[in-house]
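What follows is each chain in one-letter form.
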Amino acid sequence: MTEVVLYTRPGCHLCDEAGDAILALRDEGLAVALREVDIERDERLHAELAERIPVVEVAGEIVSELVVDVRSLRSRLDTVAA
């Protein structure tokens with residue numbers, strides 16, 4: 001199972017959409033675990049990512065920002081799983 005990290009904040013509708021897109025991949029049978037990180041709980045993350053969320057990361061690599069790029073996410077998941 002590959003962990004997908006979603007950097008988010010409360011009340012972010014784009015973040016909600018990103019989470020739904022990631023969970024949809026899991027529903028399609030991809031072995032992904034979603035971990036959401038609230039950037040509001042970490043000053044460094046907030047300063048770094050506030051204007052870029054949602055940010056999706058797989059195996060330490062950012063694969064999309066602002067809107068989930070499902071194609072890039074699938075590609076990265078395939079690479080990590082191989």
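Our structure is the block above this text.
None of these values were measured; they are calculated from a predicted model.

A. Focus on the environment of Thr-8. Within the element layout of this structure, Thr-8 appears in strand β1 (residues 2-8). Thr-8 sits in the buried class, given a relative accessible area of 9%. Sequence spacing of Thr-8 and Ala-50 is 42 residues, and the spatial spacing of their C-alpha atoms is 8.6 Å.

B. Fine view of the environment of Ala-50. Take Ala-50: it is sitting in the loop between α2 (43-49) and β3 (55-58). Exposure remark for Ala-50: the relative accessible area of 16% places this residue in the buried category. The sequence separation of Ala-50 and Glu-40 amounts to 10 residues, and the corresponding C-alpha distance is 8.6 Å. Every residue in contact with Ala-50, bar those within four places of it in the chain, is listed here: Arg-9, Ile-39 and Leu-45.

C. Molecular detail of the state of the cysteines. By the definition in use, this model includes one disulfide. Each disulfide pairs two cysteine sulfurs, and for Cys-12 the partner residue is Cys-15, the sulfurs being separated by 2.4 Å. With the S-S bond torsion at 75°, the cross-link from Cys-12 to Cys-15 turns out right-handed. A single burial state applies to Cys-12 and to Cys-15, both of which are buried.

D. Structural detail: the pairing of β1. Most of β1 sits out of view: six of its seven residues are buried. In the sheet, β1 pairs with strand β2 (residues 32-38) via seven bridges, with the strands oriented parallel. The partner of Glu-3 across the bridge, within β2, is Ala-33. In this view, the connection linking β1 to its parallel neighbour β2 by way of helix α1 (residues 13-27) has right-handed handedness. As judged from the four bridges shared by β1 and β3, these two strands associate in the antiparallel manner. Along β3, the bridge assignment pairs Tyr-7 with Val-55.

E. Summary view of the nonpolar core. Counting residues in each nonpolar core, the largest one holds 12 residues, listed as Val-4, Leu-6, Ala-18, Ile-22, Leu-25, Val-32, Val-56, Val-58, Val-63, Val-68, Leu-73 and Leu-77. The element that contributes the greatest number of residues to this core is α1, accounting for three residues. Every residue in contact with Val-63, bar those within four places of it in the chain, is listed here: Val-56, Val-58, Asp-69, Ser-72, Leu-73 and Arg-76.

Cut-offs used in this document
Residues numbered from 1 in each chain as written. Predicted model: local features only at pLDDT ≥ 70, side-chain atom pairs only at ≥ 80, totals over all residues. Heavy atoms only, no water. Helix = DSSP H or I, 4+ residues; strand = E, 2+ residues; numbered from the N terminus. Buried < 20%, exposed > 50% of the residue type's maximum accessible area, 1.4 Å probe, protein only. Contact = heavy atoms within 4.5 Å. Disulfide = S-S within 2.5 Å. Pairing = 2+ DSSP bridges. Right-handed = clockwise from strand over helix to strand, strands pointing away. Core = buried A, V, L, I, M, F, W, Y, C linked by side-chain atoms within 4.5 Å.

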